[in-house]
Amino acid sequence: IDLLDISRILPAECIARQRHFLGKKNCTFVIETLDRSFLFEVSCESERDDIVSGVKVIIARLGSKIIVGDSRVFDEFFTPHGLSVPGEAPQWTKAS
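A brief report on the enclosed structure follows.

**Remarks on a nonpolar patch on the surface**
At step 1: Together, L4, I66, F74 and F78 make up a nonpolar patch on the protein surface, roughly 430 Å² of accessible area in all.
At step 2: Structurally, F78 is set in the segment after α2 (73-77).
At step 3: Taking the relative accessible area as the measure of exposure, F78 reaches 44% and is therefore partly exposed.

**A look at helix α1 (residues 45-68)**
At step 1: Compared with the 34 Å implied by 1.5 Å per residue over 24 residues, the 35 Å span of α1 between its first and last C-alpha is a close match.
At step 2: Those residues of α1 not exposed but buried are E47, R48, I51, V52, V55, L62 and K65.
At step 3: Packing partners of the buried residues in α1 comprise β1 (6-11), β2 (28-33) and α2.
At step 4: Phi turns positive, to about 75 degrees, at G69, one or two residues after α1.

**Section: the sheet that holds β2**
At step 1: Strand order in the open sheet formed by 3 strands is β1-β2-β3, with antiparallel pairing between adjacent strands. Of all strands in the sheet, those with a lone pairing partner are β1 and β3 (37-41), marking the two edges. Going across the sheet, the axis of each strand differs from the next one's by a mean of 20 degrees, ignoring polarity.
At step 2: Here β2 runs beside β3; their pairing, made up of 5 bridges, is antiparallel. Pairing of I31 across the sheet is with F38, part of β3.
At step 3: Set on the sheet, α1 makes contact with β1 and β2; between it and β1 the angle comes to about 155 degrees.

**Section: the nonpolar core**
At step 1: Of all hydrophobic cores here, the largest spans 8 residues; its members are I6, I9, F29, I31, V42, I51, V52 and V55.
At step 2: Of all the elements in the fold, those that place two or more residues in this core are β1, β2 and α1.
At step 3: A total of 3 residues in this core trace back to one element, the largest contributor, which is α1.
At step 4: Apart from the residues within four sequence positions on either side, V55 is in contact with I6 and I9.

**Things to note about the packing of aromatic side chains**
At step 1: Overall, the coordinates contain 1 aromatic pair when judged by the stated rule.
At step 2: Centroid distance F29 to F40: 5.3 Å. Interplanar angle 15 degrees. Geometry classified as stacked. Note that F29 is positioned in strand β2 and F40 in strand β3, a separation of 11 residues in sequence.

**Here we look at the pattern of salt bridges**
At step 1: As enumerated under the stated definition, the model contains 5 salt bridges in all.
At step 2: With a shortest N-O distance of 2.9 Å, K65 and D70 are connected by a salt bridge. The residues K65 and D70 share a single accessibility class, namely buried.
At step 3: One continuous salt-bridge network, built from bridges that share partners, spans E45, R48 and D49.

The rules behind each value
Residues numbered from 1 in each chain as written. Predicted model: local features only at pLDDT ≥ 70, side-chain atom pairs only at ≥ 80, totals over all residues. Heavy atoms only, no water. Patch = residues over 30% accessible without salt bridge, like charges linked within 9 Å, V, L, I, M, F, W, Y side chains within 5 Å. Areas by Shrake-Rupley, 256 points an atom, 1.4 Å probe, with all protein chains shown as cover. Salt bridge = Lys/Arg side-chain N within 4 Å of Asp/Glu carboxyl O. Helix = DSSP H or I, 4+ residues; strand = E, 2+ residues; numbered from the N terminus. Buried < 20%, exposed > 50% of the residue type's maximum accessible area, 1.4 Å probe, protein only. Expected span 1.5 Å × (residues − 1). Contact = heavy atoms within 4.5 Å. Pairing = 2+ DSSP bridges. Axes fitted to C-alpha atoms, helices over the stretch in contact; angles between N-to-C directions. Core = buried A, V, L, I, M, F, W, Y, C linked by side-chain atoms within 4.5 Å. Phe/Tyr/Trp six-rings, centres within 6.5 Å; stacked < 30°, edge-to-face > 60°.

As structure tokens, this is what we get:
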């Protein structure tokens, strides 16, 4: 899924049991693009909430930089140098 293709990301409200019969509603979220929906499951509800809010922040940051015409948006989001960001990685990214 390309970052610019995401139209919505939110916790799953219901799960189509005929396709995803083992999915836990409290641990799933949906990423919607223009033409498809993707269901993801994580280990717990707090991890799901962290991922959903984190992706929303990233998309909001990208959108605001594009709207104001910040030329650094390409360096931050679309180059290998953009992979290094300030701060620590969230707990869910660390191996357990």
